[in-house]
Amino acid sequence: MGSILLGEINRQLEAKNILMSEDHINIIDATLIEAAQSSLGKSKDGKPTRDPEAG
């Protein structure tokens, strides 16, 4: 069964012109996860520690 799944994955990649070669494999996991929001604290120099674009 594993080789059937791998064959289908390769077929779909080739259909989108994505080329796979030996020694160069990248796997990206884009799973969304819930995380606690950080506080709006300040560092010792008084600058905000939170990224203003994060959120």
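Residues numbered from 1 in each chain as written. Predicted model: local features only at pLDDT ≥ 70, side-chain atom pairs only at ≥ 80, totals over all residues. Heavy atoms only, no water.

Caption draft 1: Expanded view of the overall build of the chain. A count of helical and extended segments in the chain gives 1 helix and 0 strands. By residue count, 0% of the 55 residues in the chain fall in the buried class. Summing over all exposed atoms, the chain offers an accessible surface of approximately 5,900 Å²; the carbon and sulfur share of this is 57%. (Helix = DSSP H or I, 4+ residues; strand = E, 2+ residues; numbered from the N terminus. Buried < 20%, exposed > 50% of the residue type's maximum accessible area, 1.4 Å probe, protein only. Areas by Shrake-Rupley, 256 points an atom, 1.4 Å probe, with all protein chains shown as cover.)

Caption draft 2: Highlighting the pattern of salt bridges. All told, the structure shown has 1 salt bridge when counted by the stated rule. Between Arg-11 and Glu-8 there is a salt bridge, with its nearest N and O atoms 2.7 Å apart. A residue pair is termed a helical-turn pair when its members lie 3 or 4 positions apart in one helix, as Arg-11 and Glu-8 do in helix 1 (residues 2–15) at 3 residues. (Salt bridge = Lys/Arg side-chain N within 4 Å of Asp/Glu carboxyl O.)

Caption draft 3: Seen up close, a nonpolar patch on the surface. On the surface, Leu-5, Leu-6 and Ile-9 cluster together into a nonpolar patch covering about 280 Å² of accessible area. Along the polypeptide, Leu-5 turns up in helix 1. For Leu-5, a relative accessible area of 52% translates into the label exposed. (Patch = residues over 30% accessible without salt bridge, like charges linked within 9 Å, V, L, I, M, F, W, Y side chains within 5 Å.)

By themselves, these observations are geometric and do not establish any function.
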